[in-house]
Amino acid sequence: MNLILLHDDDFSSESLVSLCGRRLRHVLDVHRAEVGDSLRVGKLNGLMGEGRVLALTSNRLELEVRLDQQSPPALPLTLLLALPRPKMLKRVLQSVSSLGVKQIYLINSYRVEKSFWSSPLLQTEKLQEQLLLGLEQACDTILPEVHLRQRFKPFVEDELPQLAADTAAFVAHPVTDGACPSAHSGPTTLAIGPEGGFIPYEVEKLQECGFTPISLGRRILRVETAVPVLLSRFCP
Ligand code: SAH
């Protein structure tokens, strides 16, 4: 946790914050902070700054905070991710959030197992937990939005044309001749497939929507590896 994220209900006044639970334990065990120390803090969906430790016991941390810094720029990229298995989804959400993606569409695909859609991890608070871990890691305060789209065809036909309009759109697909750009900036939409890959029909539907298939080479990567490698090509 490189940034302590503060929520509205942590504030007892404009500049005074009181924390317990996971964040307190982290400050005690990892930061090993003492009264008078300064910690990096940020308000969820707001500014970042410093928090001076006013009091610290085993059950409460009091901070005086000064919030005067903007969070880092967002990655101008919308990620369409075929819903991975829950364990992998957790890790992918954390890294996607760390890398600055703010719009995530978890989409269905022929090779997504149906049972993944009933995972408790898809509950808003559970998704948020993983996204917050990513923000704390990367020192960012802006919570990404996650949209669940359980039907591929209506999503691609009815929603995606508008979503991808005025962006450079790519579908990551190992078995294609098109190479992934080594560096690309500007608004982008990127689709990443499930463990079994997108089926040809899905790649065609995405192409009809203006997506260019791109490959990172012949090595087939796990989704959790492919995601950061691909995103690194689109970081400004
Ligand atoms: N079993 C599939 C691979 C799926 S890998 C196959 O053999 O085609 C899961 C997803 O990660 C892919 O759909 C793709 O979006 C991404 N990916 C993995 N390796 C990749 C590579 N070398 N190039 C581009 N995308 C890749």
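Keep in mind that what you see is a predicted model, and the values were worked out from it rather than measured. (Residues numbered from 1 in each chain as written. Predicted model: local features only at pLDDT ≥ 70, side-chain atom pairs only at ≥ 80, totals over all residues. Heavy atoms only, no water.)

### Let's talk about the sheet that holds strand S6 (residues 75-82)
The 6 strands lie next to each other as S8-S7-S6-S10-S9-S11, forming an open sheet whose pairing is parallel. Either end of the sheet is taken by a strand with one partner, and the two such strands are strand S8 (145-149) and strand S11 (212-214). Within the sheet, the average angular offset between the axes of one strand and its neighbour, ignoring direction, is 25°. Relative to strand S10 (residues 188-192), strand S9 (residues 168-172) runs parallel, the two being bridged by 5 bridges. Opposite Phe170, over in S10, you have Leu190 as the bridge partner. Its contacts with the sheet put helix H2 (residues 86-98) on S6 and strand S7 (101-107), and the angle it makes with S7 is roughly 155°. Packing against the sheet, helix H6 (residues 223-232) makes contact with S6, S7, S9, S10 and S11, and its axis sits at approximately 160° to S10. (Pairing = 2+ DSSP bridges. Helix = DSSP H or I, 4+ residues; strand = E, 2+ residues; numbered from the N terminus. Axes fitted to C-alpha atoms, helices over the stretch in contact; angles between N-to-C directions. Contact = heavy atoms within 4.5 Å.)

### Points about the packing of aromatic side chains
Overall, the coordinates contain 2 aromatic pairs when judged by the stated rule. Here Phe170 and Phe234 contribute two aromatic rings whose centre-to-centre distance is 5.5 Å and whose plane-to-plane angle is 40°, an arrangement assigned as tilted. Pair noted here: Phe170 is in strand S9 and Phe234 is in the segment after H6, with a separation of 64 residues, a long-range link. Across the pair, exposure class does not vary: Phe170 and Phe234 are buried alike. (Phe/Tyr/Trp six-rings, centres within 6.5 Å; stacked < 30°, edge-to-face > 60°. Buried < 20%, exposed > 50% of the residue type's maximum accessible area, 1.4 Å probe, protein only.)

### Side note on the domain arrangement of the chain
Splitting the chain by domain gives domain 1 (4-69) and domain 2 (75-232). A C-alpha centroid distance of 33 Å is found between domain 1 and domain 2. Taken together, the contacts link 11 residues of domain 1 with 10 residues of domain 2. Carbon and sulfur atoms make up 63% of the area that domain 1 and domain 2 hide from each other, which totals about 810 Å². Area buried by domain 1 at its contact with domain 2 is led by Leu5, Arg22 and Asn45, which between them contribute 53% of it. Summed over the shared surface of domain 1 and domain 2, the number is 1 salt bridge. Between Glu136 and Arg22 there is a salt bridge whose closest N-O contact spans 2.6 Å. Taken together, the links from domain 1 to domain 2 amount to 4 residue pairs in polar contact (both at pLDDT 80 or more). Among the elements that line the side of domain 1 that touches domain 2, the one with the most residues is strand S3 (residues 38-43), at 3 residues. Taken together, the residues of the side of domain 1 that touches domain 2 break down into 4 nonpolar, 4 polar and 3 charged. (Domains from an automatic or database assignment. Buried area = accessible area lost by both parts, 1.4 Å probe. Salt bridge = Lys/Arg side-chain N within 4 Å of Asp/Glu carboxyl O. Polar contact = N/O pair within 3.5 Å; in protein donor to acceptor, adjacent residues only side chain to side chain. Nonpolar A, V, L, I, M, F, W, Y, C, P; charged D, E, K, R; others polar.)

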